[in-house]
Amino acid sequence: VSQSRYLTANSNGGAISQTGALAITGTSSTTAGAAAITLANTGNNFAGSVDLLNTGSNPITLTDSGALIVRRISSDGLATFTAGGSLDPNTDTNYNTFTGGINATAGTTLYLSDNTTALTQSSVFNAGTTLTLAGGTRISVATPGTVVLEANTLNLGTDAAAITANGGITLRPATTTASVAVNDGTGTFVITSAQLAQLSSTGTVTLGSSSGTGAINIGSLGSVDLSAEDYSLAFANASARNFLLST
């Protein structure tokens, strides 16, 4: 289906799905009521922003072959967004009636606009290159939920409690061979002491990937002091070639 301007779909309570790819050059709005929205064709191309609205714990799935901007979400279910290019899911729960969870995967950059995202389900944010929390963006997941942030470059914005998840937080590089630098000058996936202070959890903060093979380097730029934090720190690069702790 190719539409030169806008797409509006309202199922009045029925599920919304597709049989062929959608190419929409304008904005799109999809409303399903108490039912799932599944627009997962890998050939989809939404050039304009997209609104997705349903009720209850019904899931939302949206796939775009290129860049994707989600303007509005209304749901209590799991929202899964996949973009071949950049992805900007507007998860601001001050603007949206959205309390579920998010699985967001961007082929390149993943950009979370300046907002507050309060979720009830474990959530995963994957960026092929850079993941950015703009300004004072804050992501919180209710206990026992977890948060995973995956990217080769991670920007956590300015909020003092940028990520909160008592079930645990994982920060890992998108490239499994990437070296991890924790307040260190050597490494491609860099985590600073300031970023560690922006994490809030009574569980475990895990750095690196269980399939990672890159070196882990810690502390050449100064000590890593976690005495004020409630979380435990773990490293997941089980097959790391080098583990260097600077003193």
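Rules used throughout
- Residues numbered from 1 in each chain as written.
- Predicted model: local features only at pLDDT ≥ 70, side-chain atom pairs only at ≥ 80, totals over all residues.
- Heavy atoms only, no water.
- Salt bridge = Lys/Arg side-chain N within 4 Å of Asp/Glu carboxyl O.
- Helix = DSSP H or I, 4+ residues; strand = E, 2+ residues; numbered from the N terminus.
- Buried < 20%, exposed > 50% of the residue type's maximum accessible area, 1.4 Å probe, protein only.
- Pairing = 2+ DSSP bridges.
- Contact = heavy atoms within 4.5 Å.
- Axes fitted to C-alpha atoms, helices over the stretch in contact; angles between N-to-C directions.

**Q** Looking at this structure, I do not really get the pattern of salt bridges. What am I missing?
**A** Two side chains with opposite charge may pair up if their charged atoms get near one another. Within the structure shown, the criterion is met by three salt bridges. D51 is the salt-bridge partner of R71, the closest N and O atoms lying 2.5 Å from each other. Here R71, found in strand β9 (residues 68–74), pairs with D51, found in strand β7 (residues 50–54); they are 20 residues apart in sequence, far enough to count as distant. Taking the relative accessible area as the measure of exposure, D51 reaches 9% and is therefore buried.

**Q** Please clarify how the pairing of strand β10 (residues 78–83) should be interpreted in this entry.
**A** Going residue by residue along β10, you find A79, F81 and A83 tucked away on one face and L78, T80 and T82 left uncovered on the opposite face. For strand β8 (residues 60–64) and β10, the ladder comprises five bridges, and the chain directions are parallel. Note on β10: the bridge partner recorded for T63 is T82. Looking at chain direction, β10 and strand β12 (residues 101–106) are connected through six bridges and run parallel. Bridging across to β12, A83 finds its partner in A106.

**Q** What should I look at first to understand the sheet that holds strand β17 (residues 138–141) in this one?
**A** Strand pairing in a sheet is mediated by backbone hydrogen bonds. Such pairs are either parallel or antiparallel. Pairing within the open sheet is parallel, and its four strands lie in the order β14-β17-β20-β24. Strands at the two margins of the open sheet, each flanked by one partner only, are β14 (116–119) and β24 (199–200). Here strand β20 (residues 163–165) pairs with β24 via two bridges, running parallel. Each bridged residue has a counterpart across the sheet, and for T164 the counterpart in β24 is S200.

**Q** What's the story with the side chain of N183 in this structure? I'm lost.
**A** Topologically, N183 is positioned in the loop between β22 (180–182) and β23 (189–191). Here N183 is in contact with I191, T192, S193, G219, S220, L221, G222, S223 and V224, once residues within four sequence places are set aside.

**Q** I'm lost on the sheet that holds strand β18 (residues 147–150) in this one. Help?
**A** The strand order β5-β8-β10-β12-β15-β18-β21-β25-β27 describes an open sheet built from nine strands, whose pairing is parallel. With partners counted over all chains shown, the strands left at the sheet margins are β5 (37–39) and β27 (232–235), one partner each. Along the sheet, successive strands turn relative to each other by an average axial angle of 10°, direction set aside. Two strands pair when backbone bridges link them, and β12 and strand β15 (residues 123–127) are joined in this way by four bridges, in the parallel orientation. The partner of T105 across the bridge, within β15, is N126.

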